[in-house]
Amino acid sequence: MTERGLVTSVSSRSVQVQVETHGEIRCTLRAHLWTEDAGQSKPVAVGDRVNVVLEESDGDFTGAVESIEPRTNALARPRLSGKRGQQQVVAANIDRLIIVTALADPPFRPGLVDRLLVAAASRGIPAMLCLNKIDLAGRIDVDQDSGVPPDRSVVQPYRDAGYRVVETSCPDAGAPPDEGAADGVRELAAIMSKGVSLLVGHSGVGKSSLVNEISPGLKLHTSHVAEHGRGRHTTTKAVLLPLVGGGFVVDSPGIREFGLTEVEPADAARLFPGFDELPDACRFSNCLHKNEPKCAVLAAIDAGEYPRERYESYLRMLEGIDTPVQW
């Protein structure tokens, strides 16, 4: 008996698959799947739609994944260990990428946000930002990296570039409620109530805490940020979870390293946040906005129409496009 199913988690040699008739079952992978795509560390990912051959033993069902249906999209990053050049697919068939950042503790990292947005755009994945821990504004003297107080305006360049930004916080038990943050959580829950949302971000930004706020019954494990300003990995592998208000969320491990090895420099130049319309006026269609003549981006910077600090973030991304960057 063969059924269509949805991959909800992936282990070293097996996967959990949600099938309509028997719920979630453990499945092995057929041998031929391991040789079909040598560029990936595993042949399947969370969010994949698969065809499963079911087997029954004493009323219990197990299965074997026979085939994987074509993906609409996938977010991948270079594998941190193992065969050189392999990609680790974080999740497949994503309806939206939600980049979760923190106002502070850990500090906001625009370099990581920019890389994730470019990666999503290159794969046709709609993306947005969630600025979490806004309750910390005014309670932390200075940002640990920049030496200045945390300010919610850090996300304004992304709003100006057309990205949706939701501001949230998950205050500790007993803390006074923040109505603006509560509204943000409700807005985020409404966004995530349809389709599959993938939450990504640096360790410690509060991804699991947000999921718990939206669906308390999931009771995902959380922890505090360590003294060095980096979060601990409370989520150890990507897992697809149903939300109480509808929709699914992929809760993924915190990202401390991310590269754009599959993105060409010309594509990065075209897809960087805020560059959408400017490059159309460049003299050269493959302009990298570095020192080319009649570059629209450079002209906009000289005219004060585009922030120079955002352009400097672009240059840093371009220089490290073939190398995963650590945060």
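Here goes a summary of the coordinates provided. (Residues numbered from 1 in each chain as written. Predicted model: local features only at pLDDT ≥ 70, side-chain atom pairs only at ≥ 80, totals over all residues. Heavy atoms only, no water.)

### Observations regarding the overall build of the protein
Then, number 1: When its secondary structure is counted, the protein shows eight helices and 15 strands.
Then, number 2: Counting over 327 residues, the protein shows a buried share of 49%.
Then, number 3: Taking as baseline every contact in the protein between residues at least 6 positions apart, the subset at least 24 positions apart corresponds to 64%.
Then, number 4: Accessible surface, the protein: about 16,000 Å² in total, of which carbon and sulfur atoms supply 47%. (Helix = DSSP H or I, 4+ residues; strand = E, 2+ residues; numbered from the N terminus. Buried < 20%, exposed > 50% of the residue type's maximum accessible area, 1.4 Å probe, protein only. Contact = heavy atoms within 4.5 Å. Areas by Shrake-Rupley, 256 points an atom, 1.4 Å probe, with all protein chains shown as cover.)

### Topic: empty space enclosed by the protein
If you roll a probe as big as a water molecule over the atoms, it shows you where there is empty space left.
Then, number 1: Taken as a whole, this structure holds one cavity of 30 Å³ or more when the rule is applied.
Then, number 2: Of the pockets and cavities examined, the largest cavity occupies roughly 80 Å³.
Then, number 3: In this structure, the largest cavity is lined by 13 residues; those nearest its centre are Val-100, Thr-101, Arg-109, Leu-112 and His-202.
Then, number 4: Among the elements of the structure, strand S8 (96-102) and helix H2 (110-122) are those that each provide at least two residues to the lining of the largest cavity.
Then, number 5: A class-by-class count of the residues in the lining of the largest cavity yields nine nonpolar, three polar and one charged. (1 Å grid on protein atoms, 1.4 Å probe; cavity = no way out; pocket = protein on both sides within 12 Å on 5 of 7 lines; lining within 4 Å. Points joined across faces, edges and corners; volume = space filled by probe spheres on them. Nonpolar A, V, L, I, M, F, W, Y, C, P; charged D, E, K, R; others polar.)

### Considering the state of the cysteines
Then, number 1: Across all of its chains, the model carries zero disulfides by this definition.
Then, number 2: Considering cysteine sulfurs only, Cys-130 is the nearest to Cys-170, which forms no disulfide, with 8.0 Å between them.
Then, number 3: With no disulfide of its own, Cys-295 lies closest to Cys-287 among cysteine sulfurs, the gap being 3.8 Å.
Then, number 4: Overall, the relative accessible area of 5% leaves Cys-295 in the buried class. (Disulfide = S-S within 2.5 Å.)

### So, unusual backbone geometry
Then, number 1: Here the amide bond leading from Asp-105 into Pro-106 is cis, since omega sits at 5°, within 30 degrees of zero.
Then, number 2: Here Pro-106 is to be found in the loop between S8 and H2.
Then, number 3: With a phi angle near 60°, His-289 is a residue other than glycine that sits in the positive phi range.
Then, number 4: You can see His-289 is positioned in the loop between helix H6 (265-271) and helix H7 (296-302).
Then, number 5: We classify His-289 as buried; its relative accessible area is 1%.

### Thoughts on the nonpolar core
Then, number 1: With 67 residues, the main nonpolar core has Val-15, Val-17, Val-65, Leu-75 and Leu-198 as its most contacted residues.
Then, number 2: When residues in this core are grouped by element, the largest group, seven residues, is from H2. (Core = buried A, V, L, I, M, F, W, Y, C linked by side-chain atoms within 4.5 Å.)

### Here's the deal with the pairing of strand S11 (residues 196-200)
Then, number 1: Burial analysis of S11 places five of its five residues in the buried class, the great majority of the element.
Then, number 2: Burial along S11 is two-sided: Val-196, Leu-198 and Val-200 and Ser-197 and Leu-199, pointing in opposite directions, are all buried.
Then, number 3: The sheet contact formed by S8 and S11 spans four bridges and is parallel. Along S11, the bridge assignment pairs Arg-96 with Ser-197.
Then, number 4: With four bridges joining them, S11 and strand S13 (residues 248-251) adopt parallel strand pairing. Paired with Ser-197 across the two strands is Val-249, which belongs to S13. (Pairing = 2+ DSSP bridges.)

### Quick look at the pattern of salt bridges
Then, number 1: Taken as a whole, this structure holds ten salt bridges when the rule is applied.
Then, number 2: The salt bridge involving Glu-66 is made with Arg-30; its shortest N-O contact spans 2.8 Å. Here Arg-30 lies in the loop between strand S3 (23-29) and helix H1 (33-36) and Glu-66 lies in strand S5 (residues 60-68), a separation of 36 residues in the sequence.
Then, number 3: Glu-66 gets classed as partly exposed once you look at its relative accessible area, which sits at 32%.
Then, number 4: A relative accessible area of 29% means that Arg-30 is categorised as partly exposed.
Then, number 5: In this structure, the salt-bridge partner of Arg-310 is Asp-114, at a minimum N-O distance of 2.8 Å. (Salt bridge = Lys/Arg side-chain N within 4 Å of Asp/Glu carboxyl O.)

This is a description of form; function is not addressed.
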